[in-house]
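The primary structure of each chain is shown beneath.
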Amino acid sequence: MRYDFKKQIRSFGYAWKGIRCVTGKEQNLSFHLIAAICVAATGFICDITQTEWMIVTLCIGVVIAAELFNSAIERIVDLVSPQHQPLAGQIKDIAAGAVLICALTAMIVGLIIFVPYLTRFLL
């Protein structure tokens, strides 16, 4: 089996196209991207450790990926069930709930990392 570099490059292009088609159109994704920028800025200001950066980066990635999965699930549900159906609504709600769990977990991790730094600044 021969590795096809051009095919791999096209795959990355499709992935970026998918991210672009959601960015700016999904309100929650926009909120999470703005929050990620604020968290990164706070990380630079607080001069967090390398380990803390790894954890923060992982949390940001998980939340953004969860939002992308949620958007994909919503679009699939809309495609297969254009009329309002209770089960379709439940599927969308469950996917949104998964994003909420990821975001709340990331927020808790962020508080654990940043509160000690911020209390030093304020005291």
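Residues numbered from 1 in each chain as written. Predicted model: local features only at pLDDT ≥ 70, side-chain atom pairs only at ≥ 80, totals over all residues. Heavy atoms only, no water.

Asker: So what about the packing of helix α2 (residues 27–46) against helix α3 (residues 50–80)? Which residues, and what values?
Answerer: It is the contact of α2 with α3, at a shortest axis distance of 10 Å, that shows an interaxial angle of 175 degrees. Taken as axis vectors, α2 and α3 run roughly antiparallel relative to one another. Of α3, the residues touching α2 (which contributes N28, L29, H32, L33, A36, V39, A40, G43 and F44) are W53, V56, I60, V63, I64, E67 and L68. When grouped by side-chain class, the residues that make up the contact of α2 with α3 number 12 nonpolar, 3 polar and 1 charged. (Axes fitted to C-alpha atoms, helices over the stretch in contact; angles between N-to-C directions. Helix = DSSP H or I, 4+ residues; strand = E, 2+ residues; numbered from the N terminus. Parallel < 35°, antiparallel > 145°, perpendicular 65-115°, else oblique. Contact = heavy atoms within 4.5 Å. Nonpolar A, V, L, I, M, F, W, Y, C, P; charged D, E, K, R; others polar.)

Asker: Give a detailed account of the pattern of salt bridges, specifying residues and quantitative values.
Answerer: Counting across every chain of the model gives 2 salt bridges. Where R75 meets E26, a salt bridge forms, and the shortest distance between an N and an O atom there is 3.5 Å. Placement of R75 in helix α3 and of E26 in the loop between α1 (5–22) and α2 is noted, with a sequence separation of 49 residues between them. Judged by relative accessible area, R75 falls into the partly exposed class, the value being 38%. With a shortest N-O distance of 2.5 Å, D78 and K92 are connected by a salt bridge. Separated by 14 residues along the polypeptide, D78 in helix α3 and K92 in helix α4 (residues 86–122) bring together distant segments of the chain. You can call K92 partly exposed: its relative accessible area is 25%. (Salt bridge = Lys/Arg side-chain N within 4 Å of Asp/Glu carboxyl O. Buried < 20%, exposed > 50% of the residue type's maximum accessible area, 1.4 Å probe, protein only.)

Asker: Talk me through a nonpolar patch on the surface; I want residue IDs and the actual numbers.
Answerer: Taken together, Y3, F5, I9, F12, W16 and I19 make up a surface patch of nonpolar side chains, about 690 Å² in accessible area. Relative to the assigned elements, Y3 resides in the segment before α1. The class for Y3 is exposed, based on a relative accessible area of 57%. (Patch = residues over 30% accessible without salt bridge, like charges linked within 9 Å, V, L, I, M, F, W, Y side chains within 5 Å. Areas by Shrake-Rupley, 256 points an atom, 1.4 Å probe, with all protein chains shown as cover.)

Asker: Which residues make up the side chain of H32, and what values do they have?
Answerer: Here H32 is to be found in helix α2. For H32, a relative accessible area of 14% translates into the label buried.

Asker: Go over the environment of S81, please, and point to the residues and values.
Answerer: Within the secondary structure layout, S81 lies in the loop between α3 and α4. Taking the relative accessible area as the measure of exposure, S81 reaches 12% and is therefore buried. A polar contact of 3.2 Å, which involves the side chain of S81, links it to the backbone oxygen of Q83. (Polar contact = N/O pair within 3.5 Å; in protein donor to acceptor, adjacent residues only side chain to side chain.)

Asker: Tell me about α3, and name the residues and values.
Answerer: Think of an α-helix as 3.6 residues a turn; residues three or four steps apart then line up on the same face. Taking 1.5 Å per residue as the helical rise, α3 with its 31 residues ought to reach 45 Å, and the 45 Å between its terminal C-alpha atoms agrees with that figure. Of all the residues in α3, the buried ones are E52, V56, C59, V63, I64, A66, E67, N70, S71 and V77. Contacts from the buried residues of α3 go to α1, α2 and α4. (Expected span 1.5 Å × (residues − 1).)

Asker: Can you lay out the packing of aromatic side chains for me, pointing to particular residues and giving the numbers?
Answerer: Applying the stated criterion to the full structure yields 1 aromatic pair. Ring centres of F44 and W53 lie 4.9 Å apart, and the angle between their planes is 50 degrees; this geometry places the pair in the tilted category. The cationic tip of R120 hangs over the ring face of Y117; the distance from NZ or CZ to the ring centre is 5.0 Å. (Phe/Tyr/Trp six-rings, centres within 6.5 Å; stacked < 30°, edge-to-face > 60°. Lys NZ or Arg CZ within 6 Å of the ring centre and 35° of its normal.)

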